[in-house]
There are 2 protein chains.
Amino acid sequence: MPIQVAVLQESRPQEKRVAMVPAVADKLSKLGCNISMLSGAGLASKLPDSAYSNVNFVTSAEQLLADADIVLAVQPPTTSQIALLKPGAILISFVYQHKEADLTRLLCDKNITSFAMEQVPRISRAQAMDALSSQAALAGYYAALLGATQLARILPMMTTAVGSIRPARCLVMGLGVAGLQALATARRLGAITEGYDVRPETKEQAESLGAKFVDTGVDARGEGGYARELTQDEKDKIASVVTQHIQQADIVITTAAIPGRPSPKLISKAQVEGMKLGAVIIDLAAEGGGNCEYSVPGETIQQGQISIVAPLNVPSMLAEHASELYAKNLLNLLQLFVIDGEIKLDWQDEVLAKTVLTHQGEIKPAAVKAALTQQQ
Amino acid sequence: MPIQVAVLQESRPQEKRVAMVPAVADKLSKLGCNISMLSGAGLASKLPDSAYSNVNFVTSAEQLLADADIVLAVQPPTTSQIALLKPGAILISFVYQHKEADLTRLLCDKNITSFAMEQVPRISRAQAMDALSSQAALAGYYAALLGATQLARILPMMTTAVGSIRPARCLVMGLGVAGLQALATARRLGAITEGYDVRPETKEQAESLGAKFVDTGVDARGEGGYARELTQDEKDKIASVVTQHIQQADIVITTAAIPGRPSPKLISKAQVEGMKLGAVIIDLAAEGGGNCEYSVPGETIQQGQISIVAPLNVPSMLAEHASELYAKNLLNLLQLFVIDGEIKLDWQDEVLAKTVLTHQGEIKPAAVKAALTQQQ
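Residues numbered from 1 in each chain as written. Chains lettered and ligands numbered in written order. Predicted model: local features only at pLDDT ≥ 70, side-chain atom pairs only at ≥ 80, totals over all residues. Heavy atoms only, no water.

Points about the overall build of chain A
So, point 1. Secondary structure summary: chain A contains 12 helices and 19 strands in total.
So, point 2. Computed over C-alpha atoms, the radius of gyration of chain A comes to 22 Å, within 12% of the 21 Å expected from 2.2 N^0.38 for 376 residues, which places it in the range of a compact globule.
So, point 3. Expressed as a percentage of its 376 residues, the buried residues of chain A come to 56%.
So, point 4. Contacts in chain A between residues at least 24 apart in sequence constitute 63% of all its contacts with a sequence separation of at least 6.
So, point 5. Counting only carbon and sulfur atoms, one obtains 50% of the accessible surface of chain A, whose full area is about 15,200 Å².
So, point 6. Counting 33 positive and 38 negative side-chain charges, chain A places the centres of these two groups 4 Å from one another. (Helix = DSSP H or I, 4+ residues; strand = E, 2+ residues; numbered from the N terminus. Rg over C-alpha atoms; globule rule 2.2 N^0.38 Å. Buried < 20%, exposed > 50% of the residue type's maximum accessible area, 1.4 Å probe, protein only. Contact = heavy atoms within 4.5 Å. Areas by Shrake-Rupley, 256 points an atom, 1.4 Å probe, with all protein chains shown as cover. Lys, Arg positive; Asp, Glu negative; His and termini not counted. Charge placed at Lys NZ, Arg CZ, Asp CG, Glu CD.)

Shown next as C-alpha cells:
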C-alpha cells in the first residue's frame, strides 16, 4: 500500500502559499507516496491543478483526509480539518504552539503525530528542512522592495541632465537570514547600506554584503543562534549609538523576531520623531508586535512625515518561491522517515525528536507540556 | 521690484509632486525672485513649510496669485486658478493641450503667456529643461520595482540550503528613457534582462546595461533614417519572435507612449494567454490607453494567472525626487528669460519659441491653433 499524503488547502486570510509544488510532488511520488490535494489549492501560488502531474485532485476535505497517513500544510490546520484526520496520522506544518494551546491539545487528544516546522533545530544537518530560514530569506528580500516602493525617493545614485541624485541610506537592524537578504537587496538597488545586530559575529557577514556595520560594543549572543534578552543598561547604550544611524537613514528595516515572544522594541517613538522627513520603516517583526513602538501589525501608518510599515506574513507575498522552498523543506524532513515506501519514525534522530510536538497522545517537548498543563 | 513667483498647490487626485523644492527656491531667490506658496503645498512631497527658507507662505489662492508675474505648477492649472491670474502673467506647467482644449483657449483669452513643459524640444541645449525625460527616468525605475513587488517570485538567483532559485526574466518593450531605466533597475535586482525596440540604434544602449536585445532578424531601416514599409512576411516574423520573448518573461514592462496619441498596442490578448503562469505586465503607457490590449488605466487586473498593472502618474509615486528634478527643469527654463532680476522673453530662442503655447491672446503653435479652430 503506498503512503497516502494529503496536502491541505490553506484557509487563513492572506495566506497564498501551498505546501506542495509540482517538482516536489514528483519526488514524493517516487518515494512511494500517493499525493492528494483539494482542487484549486495551489491557485493562490499561481499553480493551477494542471501544473501538477503526480497529484490526485479531490473536491472535499472528507475525501482528502479520510485515509491520509501524512498531512502537509503551511499554517496550523483548523479544528475542523483536525477532526477529519484519522487517529495516528502524521501532520507537518507550522503549529506555533505558544499561540495555539487549544490546537496543540486537540492534536494530542486526536492522537496525531505532529511535527512543528518552527521547531526544526538550527543544526547543520537540518538546514535543508529549516523553513523559518527559507521563508525569512524571501521576507528580507521583499522588505527591501517594500521600503523602496514606499519611499518617495529612488535608492541608486542617478546622474541626470539636471544633476546627480545621491544614493539613499538603508539601515537594517537584526542581521539574521532576513536581515542579510534585506541588506543584499538594498545594496543591489544602489543604496548605501548599514547593518546592525547585537551579535558581533554578524559584522563580517554584513561587511561581506558591502554594508557598514554599526558597532555598539554590546555582545548579546544567546542560545540556539538567537539573541538573548538585553538588560535596560545595554538597551540604553545601544540606543544612543543606534539613534544616530536611524536618524540618518532613508529606510530602516527591522527584523528582530524571537519565536514565541514579543518582538523587542528597537525603535522608540522618540527615535522616530528625529528621523529624516519622508523616511520609511519596514518592520518585519510585526507578527510579534513589531520592533518599532509605533508599529501597527498589518498596517502602514504615517507618523508626521515618516511611514511605518508593519506587514504580516511577508513570505506569502512571494507565494510561488515561498511555496517552492517550503515544499522542499517538507520533502527533506519527510525523507528522514519515509523509507522504502514505509513510514519509519526513528526517535533517536535529533531532528525528528526536536521537531515533534505531539505523539501517541502526549505533548513531547517538556517545556510545552508543562506550560500547557499549568494553563489548564 | 523683484519678480513675483507663485507656486500652485497641485489639486489633481494622486498628484503628490510640487513644482518647487527648497534648493531651487534658494537659487530662484538669488535670481531676484520673490517666491510664494500656499502653506502645506509641499507636504505630499514630504516637504513641510519649514523645509523651505526662501519662500513666503500664504493661506489663500487669491493672495498667492493676485500679483504673480510667473506661476509654476506640475499639472495644468484649474480654471478657477487661471481666473485669479493677472493678465500677462507667465505660466509654466504641463498643459497637455491635446486633452485640454478648453484650458488652452482660456489661457489664450486671459492673455497668459503659457509654456507647456511637454513641448520642450528634444535638443541638446534643452536637456536640462526636459521634464518628460526627467520624470520618465523615475517612472522606469519605479516600474521595475512595481514588477518585482507584484511578482510572487524573486528576481535574483538565490542559493539556499534547499537548492538554487533561478533568476527571473524581465523583458522591456520600448527603450526610451523610461525603458532603459527599467532595464537597469531590473538588472540591478538580479533579473535576466531583455530589451526590445523597433529602433535598431537602441540595441547598443540596451546591451550597455547588461540586457540582451531582442533581434527579430528584420531590418526596418529605410531611406533617410525612417522605417520602411514592411512586408506581411516580415511583420509575421517580428510578431513570432516578440511573442516568444513575451511568453518566456516573468515581468514585461512596456513604455511605448506617444504624447498626444493613443499608445500603440504592443501586447495582444492572444499573447497574454500564452504567458507564463504568474507573470506580470507593467504598462507604463496607461495615460494613452496602455500598450497591452487588456490594460485598464489606473488599475491592476488579473487575466487568468497573469497580472496586468497599468498605473497612472508613476512619477508622483516618487514625489520627492520627481519634484526635485522637475523644479530643476523649471529653474533651467526660467534662467532663459529671468535675467538681471527682469523678465526678458527672447523669441529668437528656439527653446522658448517651441515651448510657448499661448502669448498675447494667441495660440502660438500653428498645428494647435488649426486644430482648436477646427474644433470650434
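Some thoughts on the interface of chain B and chain A
As a measure of interface size, the accessible area lost when the parts come together is often cited.
So, point 1. At the interface, 44 residues of chain B touch 44 residues of chain A.
So, point 2. Buried area between chain B and chain A, summed over both chains or domains, comes out near 4,000 Å², and the portion from carbon and sulfur atoms is 64%.
So, point 3. Summed over the three residues of chain B that lose the most area to chain A, namely Lys46, Val162 and Arg188 of chain B, the buried surface amounts to 17% of that side.
So, point 4. Inspection of the chain B/chain A interface yields two salt bridges.
So, point 5. A salt bridge links Arg153 of chain B to Glu320 of chain A, with the shortest nitrogen-to-oxygen separation between them at 2.6 Å.
So, point 6. Summed over the shared surface of chain B and chain A, the number is 13 residue pairs in polar contact (both at pLDDT 80 or more).
So, point 7. At the level of elements, helix H5 (131–150), strand E7 (158–160), helix H6 (177–188) and helix H10 (319–334) of chain B are the ones that each hand at least two residues to the side of chain B that touches chain A.
So, point 8. Broken down by class, the residue content of the side of chain B that touches chain A amounts to 26 nonpolar, 13 polar and five charged. (Buried area = accessible area lost by both parts, 1.4 Å probe. Salt bridge = Lys/Arg side-chain N within 4 Å of Asp/Glu carboxyl O. Polar contact = N/O pair within 3.5 Å; in protein donor to acceptor, adjacent residues only side chain to side chain. Nonpolar A, V, L, I, M, F, W, Y, C, P; charged D, E, K, R; others polar.)

Observations regarding the sheet that holds strand E4 (residues 70–72) of chain A
All names here are of chain A.
So, point 1. Ordered in space as E3-E2-E1-E4-E5-E6-E18-E19, the eight strands form an open sheet in which the pairing is mixed. Two strands lie at the open edges of the sheet, namely strand E3 (55–58) and strand E19 (362–363), each paired on one side alone.
So, point 2. Bridge count for strand E1 (residues 3–7) against strand E2 (residues 33–38) is five bridges, and the pairing is parallel. Opposite Val7, over in E2, you have Met37 as the bridge partner.
So, point 3. Seen against the sheet, helix H1 (residues 22–30) touches E1, E2, E3 and E4 and runs at an angle of roughly 145° to E2. (Pairing = 2+ DSSP bridges. Axes fitted to C-alpha atoms, helices over the stretch in contact; angles between N-to-C directions.)

Overview of the relation of the copies chain B and chain A
One copy of the chain maps onto the second through a rotation about an axis and a displacement along it.
So, point 1. Turning chain B through 180° and shifting it by 0.0 Å along the axis lays it on chain A, with an RMSD of 1.5 Å. What the rotation and shift describe, once combined, is the action of a two-fold rotation axis. Closest approach to the rotation axis among the C-alpha atoms of chain B is made by Arg188 of chain B, whose C-alpha sits 2.8 Å away.
So, point 2. Take the interface residues of chain B: 100% of them recur as interface residues in chain A, which is what a same-surface contact looks like. (Least-squares fit on C-alpha atoms with pLDDT ≥ 70 in both.)

Overview of the sheet that holds strand E10 (residues 192–196) of chain B
Residues and elements named next belong to chain B.
So, point 1. Across the sheet, which stays open at both edges, the seven strands sit in the order E11-E10-E9-E12-E13-E15-E14 with mixed pairing between neighbours. Each having just a single partner strand, strand E11 (212–213) and strand E14 (300–303) make up the two edges of the open sheet.
So, point 2. Those strands touched by H5 are strand E12 (251–254), strand E13 (280–283), E14 and strand E15 (306–309), and its axis lies near 155° from that of E13.
So, point 3. On top of the sheet, helix H8 (residues 232–248) reaches strand E9 (169–173), E10, E11 and E12; it is set at about 140° to E9, its chief contact.

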